[in-house]
Amino acid sequence: MAGRPWDASYRDGPAPWDLGGPQPAVRRLAAAGGFAGAVLDAGCGTGENTLLIASLGLPVLGVDVAETALAIARELAAERGIEVEFAAADALHLERLGRRFDTVLDSGLFHTFDTAERAEYARSLAAVTEPGATLYVLCFSDTGPDPGPHPVRRDDLAGAFTPAAGWRIESIETERVGTRFHEHGAPGWLATVARFLN
């Protein structure tokens with residue numbers, strides 16, 4: 001998908017999903033030691049989650065299609081003195097990065113794809129992850145009142161991250177996804193997915 005529509009979201013103030021800090025669920029994952037090895041933040045936006053993970057001393061690459069968001073992310077990293085890497089990349093063709101990762105974070109990207117794109121995305125992630133890698137997917141869910149846009153069913157996650165694609169879902173837990181329009185977060189899922197050799 002072209003980056004222009006996403007890029008426009010960052011030009012006139014914060015995007016609806018930009019909290020000015022990490023997602024609470026990502027803070028908890030980081031505090032629990034959920035990130036290890038080389039980390040990819042897919043759809044990093046302005047990089048708040050990426051910067052949190054990098055502050056733990058881990059090598060992190062944040063990728064996005066929105067150049068304006070990446071410019072903001074680089075400025076924040078410089079202001080905070082955090083060593084981290086950001087790059088423009090198509091999440092459906094991550095193999096073009098020529099890199100491999102041990103942990104992947106997807107905070108708010110999966111639910112932007114349609115069914116066919118989700119399967120392509122799972123293949124793209126498989127191409128850049130090591131066997132034994134862990135993927136965390138934080139997305140809007142279809143449960144509860146006042147859902148976020150493009151809510152995801154539990155079956156949508158299971159349908160994308162299949163054993164045939166090299167993935168095994170370890171858990172799918174109810175979660176809240178922070179936005180600027182939901183005082184206590186929108187209904188969400190936090191999926192933990194393991195990569196294996198298929």
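Refer to the structure above for everything that follows.
Residues numbered from 1 in each chain as written. Predicted model: local features only at pLDDT ≥ 70, side-chain atom pairs only at ≥ 80, totals over all residues. Heavy atoms only, no water.

(A) Structural detail: the overall build of the protein chain. A count of helical and extended segments in the protein chain gives six helices and seven strands. Along the protein chain, helices and strands appear, N-terminal first, in the series α-α-β-α-β-α-β-β-α-β-α-β-β. The burial tally for the protein chain puts 51% of its 198 residues in the buried class. In the protein chain, of all internal contacts separated by at least 6 residues, the share reaching a separation of at least 24 is 69%. (Helix = DSSP H or I, 4+ residues; strand = E, 2+ residues; numbered from the N terminus. Buried < 20%, exposed > 50% of the residue type's maximum accessible area, 1.4 Å probe, protein only. Contact = heavy atoms within 4.5 Å.)

(B) Layout of helix α4 (residues 67–80). With 14 residues, α4 should reach 20 Å at 1.5 Å per residue; the first-to-last C-alpha distance of 20 Å fits that figure. G81 occupies a position one or two residues after α4 and carries a positive phi of about 70°. (Expected span 1.5 Å × (residues − 1).)

(C) Up close: the nonpolar core. F110, Y121, L157, F161 and W167 are the most contacted members of the largest nonpolar core, which totals 32 residues. At four residues, helix α5 (residues 115–126) tops the list of elements feeding residues into this core. With residues near it in sequence (within four places) discarded, W167 still touches A122, L125, A126, T129, L135, F161, T162, V193, A194, R195 and F196. Formed by 26 residues, the second largest nonpolar core is a distinct cluster that contains A25, L76, A77 and A186. (Core = buried A, V, L, I, M, F, W, Y, C linked by side-chain atoms within 4.5 Å.)

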